[in-house]
Amino acid sequence: MKLYAAYSKAVQTDQRDALIEAYPHAAVYGEHYLFPCSYEQLTGETNPNTVDLTGKRLVEEIETEHDMTFAEFDALCDQMLADETGREVLLSVQQGRYLKETRFTTEEQTDVA
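Before going into details, it helps to say that this report is about the structure given with it. From a predicted model like this one, the values you see are computed outputs, not experimental measurements.

**A few points about the sheet that holds strand β7 (residues 88-91)**
- Judged by pairing direction, the sheet is mixed, and its 5 strands sit side by side in the order β2-β3-β1-β7-β4 without closing on themselves. Both outer strands of the open sheet, β2 (27-29) and β4 (50-52), are each paired with one neighbouring strand and no more. In this sheet, neighbouring strand axes are inclined to one another by 25° on average, regardless of whether the strands run parallel or antiparallel.
- Pairing geometry for β4 and β7, over 3 bridges, is parallel. Note that in β7 the partner of Val51 across the bridge is Val89.
- Lying over the sheet, helix α1 (residues 14-22) contacts β1 (4-8), β3 (32-35) and β7, oriented at roughly 60° with respect to β3.
- Contacts between helix α4 (residues 93-102) and the sheet are confined to β1, β3 and β7, with β7 contributing the most and set at about 105° to the helix.

Criteria and cut-off values
Residues numbered from 1 in each chain as written. Predicted model: local features only at pLDDT ≥ 70, side-chain atom pairs only at ≥ 80, totals over all residues. Heavy atoms only, no water. Pairing = 2+ DSSP bridges. Helix = DSSP H or I, 4+ residues; strand = E, 2+ residues; numbered from the N terminus. Axes fitted to C-alpha atoms, helices over the stretch in contact; angles between N-to-C directions. Contact = heavy atoms within 4.5 Å.

Set out below in structure tokens:
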């Protein structure tokens, strides 16, 4: 399954560094990276420090328990991005594309923090 993974720049982990090596021009937003795959997809190894948000579909109005409004997702992202942890945040293609359109850019070069 195609997905995105977000990591903090401030917290060095082997998993984050492996993704930086594979994707040196990852999308950047403030102190965070957005990679076009997860650590597990890259290496086949499970990352024990993962938060999975892929089960939520972004919508204007909630229709099912699997939906999250764009406003709720923005608030959750603000909260998660404020936390300086080494966790991997897994995002669906829809969520990752939304973040790339609204927050992240690929104009900066990725520097290992």
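Picking up after the structure, the text goes on.
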